[in-house]
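The lines below spell out each chain.
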Amino acid sequence: MAAAVLLLLLAAAAGPGRADAGRERRDALREELLLSPLPTGDVAATFQFRTRWDADLQRGAVSHYRLFPKALGRLVAALGVRELHLALTQGFWRTRYWGQPPLQAPAGAELWVWFQPTVTDVDKAWKELSNILSGIFCASLNFIDSTNTVIPTASFKPLGLANGTDHHLLRYAVLPREVVCTENLTPWKKLLPCGSKAGLAVLLKAERLFHSSYHSQAVHIRPICRDASCLAVSWELRQTLTVVFDFFSSGQGKKDWSLFKMFSRTLTDTCPLASQSKVYVDISPKNKEKELLEVSPPPTSVHEAIVQGEKKTYAVYDLLSPSLFNTSRSLNVQLKWKRPQDSSEMPIPTLHAQRYVGGYGLQTGEICTLIYNTHPYRAFPVILLETVPWYLRLYVHTLTIITKGKENKPSYIHYQPAQDRRRPHLLEMLIQLPANSVTKITIQFERALLKWTEYPPDPNHGFYVGSSVLSALVPSVTAMKDMDVEQSPLFASLFPSSDGSSYFVRLYTEPLLVNLPTPDFSMPYNVICLTCTVVAVCYGSFYNLLTRTFHVEEPSRGRLAKRLANLIRKFRGVPPL
């Protein structure tokens, strides 16, 4: 009997352990690094840390967080967030010279969120969300209010598991004046499961990241299908960071680079919580002649894929491979050019744009946007989103769209006029871009005169206008094959291709710097100084005249006789009078 009881106790003790061992892991972490030599000689490094969690955050029944950050998980559950996309960027991605980025973001801070249909007051949830994110990432997101928030109708469709038909649940805002520094990077790194102590995150050295031409860090949260049947929902968190290093103009004069030259560190170990850790190096030939690049040490594998309409070849380093760290204790990927690259053969992206301010004076002006379609024979539509502050009063009747010398009428247009000190202008248009064409969009505006308390501390620096947003399905030059998005390179599953003939692109133009009529803020200082001087002089004179007492003194007589008497007394040895 005692033996039977002992067996039952052992079975009861071993039962839960075996059940937990057989149960599949509910969360997983995948980290990737993409190193891409740019046509201008710069090097772009893109990090992606993807956390997938098989849990239902909306019901609020989750109490244990393992890999998914608890701060973001509770935020999603409490405010009814369906999708969240936050980007903090320093610099501007030069699409014309660097090509299409994996993920582009405008200069400053960008935040756009889709809320659940159960949220009754979206504006209140939006304000509370921006304040909480401001505290989490040490950013000025608390300055997001109704004056810089818009509700797009055609742009920024959901990227996750949602149909997104009710655009009233969407909010979009940009702070182009936001400056990104180390105080924003530190809380971003703390959200990683391994922090910056292991894995690819050890390369995130702030001193090197901010000594670059471009820096952008982002957080993307969205619901996705758990499996092919899509009967259950999982939540995905993507933390991305893109940085561009300029080695050619920094004094080295060479396009050769390595991990140690870029980050002052090398990879020594992997994150123990990561189920996948890979480094991709773009070794695609830049022209007809191949074998221009030489990468060392030898990669563990070579992967070919169609990315953004172009055939790419990647040298893949699998950090979880046991053979990678057998020969050396650290991994320092190096890339050398076998011969100099011909800069005259710089590829031109299919879609790129630029924007500038025209006109003269401080009363009126003109916003000009140029959109280029360099495809030789394919035309495609593009959605243009313009957000203009209320103090630039747009004249919508002056809107003109010219392509190849002819008027180009938009297929769809949505305009929401601004209200002074309440909301900005919102202009959305669907424009058809002919093949091999340049489309010029112009609209005139009038500058408003602000109250003297509404000017920033540096009013003569100017006022920033957020970037224009272009969304399009760009035709692919190379046929794209169906592939498993889970096994594809970086960011392929964030913007999946609807078919094999096109790929989705979202681009941002430059932010604008507009001067407004500015009063002479030094005039009050001059008035105060002049007034104080006059008051001091006048008041002092009148005060002396009113308070001083004058006495008449009679001139004394007999001084000569007194002197002579004292002289005689001195000779006689008698004390003077």
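Presented here is a report on the structure given in the accompanying data block. The structure presented is a predicted model; accordingly, all values stated were derived computationally and were not measured.

It is worth spelling out unusual backbone geometry at this point. Omega for the peptide link from Ser296 to Pro297 comes to -5°, which places this bond in the cis form. When you line up the elements, Pro297 lands in the loop between strand 11 (293-296) and strand 12 (301-307). In this model, Ser264 sits at a positive phi of 60°, which is unusual for a non-glycine residue. Secondary-structure assignment places Ser264 in the loop between helix 8 (259-263) and strand 10 (276-282).

The next subject is the state of the cysteines. Counting across every chain of the model gives 1 disulfide. Covalently, Cys194 is tied to Cys271 through a disulfide, its sulfur atoms 1.8 Å apart. Between Cys194 and Cys271 the disulfide shows an S-S torsion of about 70°. By sign, it is right-handed. Within this pair, whereas Cys194 is found in the loop between helix 5 (182-190) and helix 6 (206-209), its partner Cys271 is found in the loop between helix 8 and strand 10, the two being separated by 77 residues in sequence. Summarising the burial analysis for this pair, Cys194 and Cys271 share the class buried. Here Cys181 stays free of any disulfide, with the sulfur of Cys138 as its closest cysteine sulfur at 8.8 Å. The class for Cys181 is partly exposed, based on a relative accessible area of 28%.

Our focus in this paragraph is the packing of aromatic side chains. The geometry of an aromatic ring pair is captured by two quantities: the separation of the ring centres and the angle between the planes. Within this structure, the stated rule accounts for 17 aromatic pairs. Both rings, one in Tyr539 and one in Tyr543, keep their centres 6.0 Å apart while their planes meet at 25°; by these two values the pair is stacked. With Tyr539 and Tyr543 both in helix 9 (residues 523-547), this residue pair falls 4 residues apart, about one helical turn. Overall, the relative accessible area of 46% leaves Tyr543 in the partly exposed class. Within the aromatic cluster, the residues linked to one another by ring pairs are Phe47, Phe49, Trp188, Phe245 and Phe263. Above the face of the Tyr97 ring, Arg96 is positioned so that its terminal group lies 5.6 Å from the ring centre.

What counts as what
- Residues numbered from 1 in each chain as written.
- Predicted model: local features only at pLDDT ≥ 70, side-chain atom pairs only at ≥ 80, totals over all residues.
- Heavy atoms only, no water.
- Helix = DSSP H or I, 4+ residues; strand = E, 2+ residues; numbered from the N terminus.
- Disulfide = S-S within 2.5 Å.
- Buried < 20%, exposed > 50% of the residue type's maximum accessible area, 1.4 Å probe, protein only.
- Phe/Tyr/Trp six-rings, centres within 6.5 Å; stacked < 30°, edge-to-face > 60°.
- Lys NZ or Arg CZ within 6 Å of the ring centre and 35° of its normal.

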